[in-house]
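Report on the structure
This is what each chain is made of:
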Amino acid sequence: MKVFLTGASGVVGRSAMSALVEAGHDVVGLARSETAADTVRSFGARPHLGSIFETESLVAGMQDAEVVLNLVGNVPSGAARFRPGAWRVHDRLRSHGADVVVRAAAETGVRRVVQQSLSAVYADGGDDWIDEHDLVDVTAAAEPLVMAETFAASHAATGGDSVVLRLGLLLGPEPMTRWWIRRARAGHPTGLGSPDGWTHVVHPDDIGTAAVHALTAPAGVYNVGAEPLRREELAEAFAIAGGRRGARFHAPATQRLLGHRLELYTRSQRVSSQRFSDRTGWYPNHPKFTLDWFSHAV
């Protein structure tokens, strides 16, 4: 199957590209620069130079593609994510770029659009299990994600269909995980929300295999991740990876000062990914979080 992939040189895109190529698919990866194009080639895919905001370049790259995977993102890493304006580019990719991608797919006659989202959009559920039928809490931080999901769903109006993958918190060999481990090593708090709250997590490798299954999944919205874990367990794991003991949490007052963006990552979300497994046969290679997830991140 020919697949057009945005965000090909990012953490999520590289995972998807690797799994798609391994599964025998013909992958064209959108690249903004020659450096990004070299990354795409190194994974056995073909680069297409262009921008997610330029319809003409997208249409040219999507020729004969059956599926478009919109996995592009620009998540600020480390302390930068808490600075004013840090998320502007990332939000624009969701609130505007996703619309351009869907319009280009419709113009080219692409059958399916797969859109990346986050399970963090769900409302705080306490100890209750959360599935795809539960309500989302559309704050200013969540709105661009919900907009991107809506753009993907609109592909049905032009004869196509869509799959939305609501990913858990990315943990493993990637920049943000390394930053949290460095914070723990320095003795700083790494816990967010309530220690007894739940969080939904996913290993980068499992995003790749989920992308492969999304090509043929029934249209719809799916949660993708491992078993949820208590926030205290995650904070303790960061501490151990940093060579310390004892989970340390940011004070509630500090969390409030860091604004609405952080609130999205403090909710208690005991998210189930069972629906995706039941409908596609996908099952994570990392079904339960362990310290081994950090083995290449330290």
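Notes on the structure follow. All figures in this text were calculated on a predicted structure; none of them were measured in a lab. (Residues numbered from 1 in each chain as written. Predicted model: local features only at pLDDT ≥ 70, side-chain atom pairs only at ≥ 80, totals over all residues. Heavy atoms only, no water.)

**What about the environment of S33?**
Looking at the element boundaries, S33 is found in the loop between β2 (26-31) and α2 (34-42). Note on S33: relative accessible area 32%, which makes it partly exposed. The spacing of S33 and L49 is 16 residues in sequence and 6.7 Å in space, taken between C-alpha atoms. A polar contact is formed between the side chain of S33 and the backbone nitrogen of A36, at a distance of 3.1 Å. (Helix = DSSP H or I, 4+ residues; strand = E, 2+ residues; numbered from the N terminus. Buried < 20%, exposed > 50% of the residue type's maximum accessible area, 1.4 Å probe, protein only. Polar contact = N/O pair within 3.5 Å; in protein donor to acceptor, adjacent residues only side chain to side chain.)

**A short note on the sheet that holds strand β5 (residues 112-118)**
Pairing within the open sheet is parallel, and its seven strands lie in the order β3-β2-β1-β4-β5-β7-β11. On the outer flanks of this sheet lie β3 (46-49) and β11 (220-224), each paired with one strand and no other. Each adjacent strand pair in this sheet contributes to an overall mean axis angle of 25°, direction not counted. Across four bridges, the pairing between β2 and β3 is parallel. Pairing of A31 across the sheet is with L49, part of β3. Across the face of the sheet, helix α7 (residues 204-214) comes into contact with β4 (67-70), β5, β7 (161-167) and β11 while running at roughly 160° to β7. (Pairing = 2+ DSSP bridges. Axes fitted to C-alpha atoms, helices over the stretch in contact; angles between N-to-C directions. Contact = heavy atoms within 4.5 Å.)

**With respect to the nonpolar core**
In terms of nonpolar packing, the biggest core is built from 58 residues, with L69, L165 and F289 touching the most fellow members. The contacts of F289, once residues within four sequence positions are left out, are L171, V201, L229, L234, A237 and F294. In terms of nonpolar packing, the next biggest core, distinct from the first, is built from 23 residues, I52, M62, V100 and A152 among them. (Core = buried A, V, L, I, M, F, W, Y, C linked by side-chain atoms within 4.5 Å.)

**Notes on the packing of aromatic side chains**
Evaluation of the coordinates by the stated rule reveals seven aromatic pairs. Arranged with centres 4.9 Å apart and planes meeting at 65°, the rings of W179 and W180 form a pair that is edge-to-face. On the numbers, 5.3 Å between centres and 45° between planes, the contact of F276 with W282 is tilted. Residue W282 is classed as buried on the basis of its relative accessible area of 1%. What links up through ring pairs into an aromatic cluster is the set W179, W180, F238, F289, W293 and F294. Taking the ring centre of F53 as reference, the NZ or CZ of R92 above it sits at 4.0 Å. One Lys or Arg, R270, reaches over the ring of W198 and ends 4.4 Å from the middle of that ring. (Phe/Tyr/Trp six-rings, centres within 6.5 Å; stacked < 30°, edge-to-face > 60°. Lys NZ or Arg CZ within 6 Å of the ring centre and 35° of its normal.)

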